[in-house]
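Take a look at the letters that make up each chain.
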Amino acid sequence: DAKTTQPPSMDCAEGRAANLPCNHSTISGNEYVYWYRQIHSQGPQYIIHGLKNNETNEMASLIITEDRKSSTLILPHATLRDTAVYYCIVNSGNTPLVFGKGTRLSVIA
Amino acid sequence: DSGVTQTPKHLITATGQRVTLRCSPRSGDLSVYWYQQSLDQGLQFLIHYYNGEERAKGNILERFSAQQFPDLHSELNLSSLELGDSALYFCASSKMGGRASTEAFFGQGTRLTVV
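Residues numbered from 1 in each chain as written. Chains lettered and ligands numbered in written order. Predicted model: local features only at pLDDT ≥ 70, side-chain atom pairs only at ≥ 80, totals over all residues. Heavy atoms only, no water.

*Asks:* It is not clear to me how unusual backbone geometry should be interpreted in this structure. Could you clarify?
*Replies:* For the bond from Thr-7 of chain B to Pro-8 of chain B, the omega torsion is -10°, close enough to zero to count as cis. Positionally, Pro-8 of chain B belongs in the loop between strand E1 (5-7) and strand E2 (10-13). For His-40 of chain A, which is not glycine, the phi dihedral falls at a positive 30°. You can see His-40 of chain A is positioned in the loop between strand E3 (32-38) and strand E4 (45-50). Judged by its relative accessible area of 71%, His-40 of chain A falls in the exposed class. The backbone of Ser-80 of chain B sits at a positive phi, close to 45°, despite the residue not being glycine. (Helix = DSSP H or I, 4+ residues; strand = E, 2+ residues; numbered from the N terminus. Buried < 20%, exposed > 50% of the residue type's maximum accessible area, 1.4 Å probe, protein only.)

In structure tokens form, the structure reads like this:
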């Protein structure tokens, strides 16, 4: 699976949009971009995934660049409960997820 | 609630002992994955079972073993425990289908403390 690069940490003001970037320049055509988050020692939580089109669900939006080499997870109105480590994972869907270090997002009141 | 159930939630045991962690996947999910997360460490993939068969192994020690039963629940057995085995152990399940992407759902984990 392709490797991803994420900033180690980010801050976001409560109520503002949180934009979390991810680089995956070696992504293959059959690989999806997945986003998970882990809130303080809880089990990781699936957020969203996409192949090449932008995706939106009740939690977040996923914007994938046209060349698919990078993506951005958008939490439209961050709350304190969104403070977590966010993982961007590239995966074909047929192999186990490999977690990197992720981005630690701190939402500040 | 992810629908994945792990028991027990907490486990304290002595070095040298053996423990069994249990995972019940979401209804209809055929794949079960086990992960280990040590203090301040990332999630390390241990092993993957699909419909009763081992599919992939990650950084799993020889002292550790797992199996998936006909009812699809899975158990992770940890033996000859060492202090360094203290960690959170997570189980995840997914449908894992062919070419289709499938998200994985994680349980709340078992916190193992070896003293």
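*Asks:* Hey, could you run me through the layout of surface pockets in this one?
*Replies:* When its volume is computed, the second largest pocket comes out at roughly 340 Å³. Along its surface, the second largest pocket is lined by 19 residues, and Pro-44 of chain A together with Asp-1, Ser-2, Phe-106 and Gln-108 of chain B are the ones closest to its centre. Breaking the lining of the second largest pocket down by element, the ones donating at least two residues are E4 of chain A together with E1 and strand E10 (105-106) of chain B. A class-by-class count of the residues in the lining of the second largest pocket yields 8 nonpolar, 9 polar and 2 charged. (1 Å grid on protein atoms, 1.4 Å probe; cavity = no way out; pocket = protein on both sides within 12 Å on 5 of 7 lines; lining within 4 Å. Points joined across faces, edges and corners; volume = space filled by probe spheres on them. Nonpolar A, V, L, I, M, F, W, Y, C, P; charged D, E, K, R; others polar.)

*Asks:* Sorry if this is basic, but what is going on with the interface of chain B and chain A here?
*Replies:* Size of an interface, as often reported, equals the accessible area lost when the parts are brought together. Between chain B and chain A, the contact holds 22 residues from the first and 16 residues from the second. The contact between chain B and chain A buries some 1600 Å² in all, and 53% of this surface belongs to carbon and sulfur atoms. Summed over the shared surface of chain B and chain A, the number is 3 residue pairs in polar contact (both at pLDDT 80 or more). Elements that contribute at least two residues to the side of chain B that touches chain A include exactly strand E4 (31-37), strand E5 (43-50) and strand E9 (87-94) of chain B. By residue class, the composition of the side of chain B that touches chain A is 11 nonpolar, 8 polar and 3 charged. (Contact = heavy atoms within 4.5 Å. Buried area = accessible area lost by both parts, 1.4 Å probe. Polar contact = N/O pair within 3.5 Å; in protein donor to acceptor, adjacent residues only side chain to side chain.)

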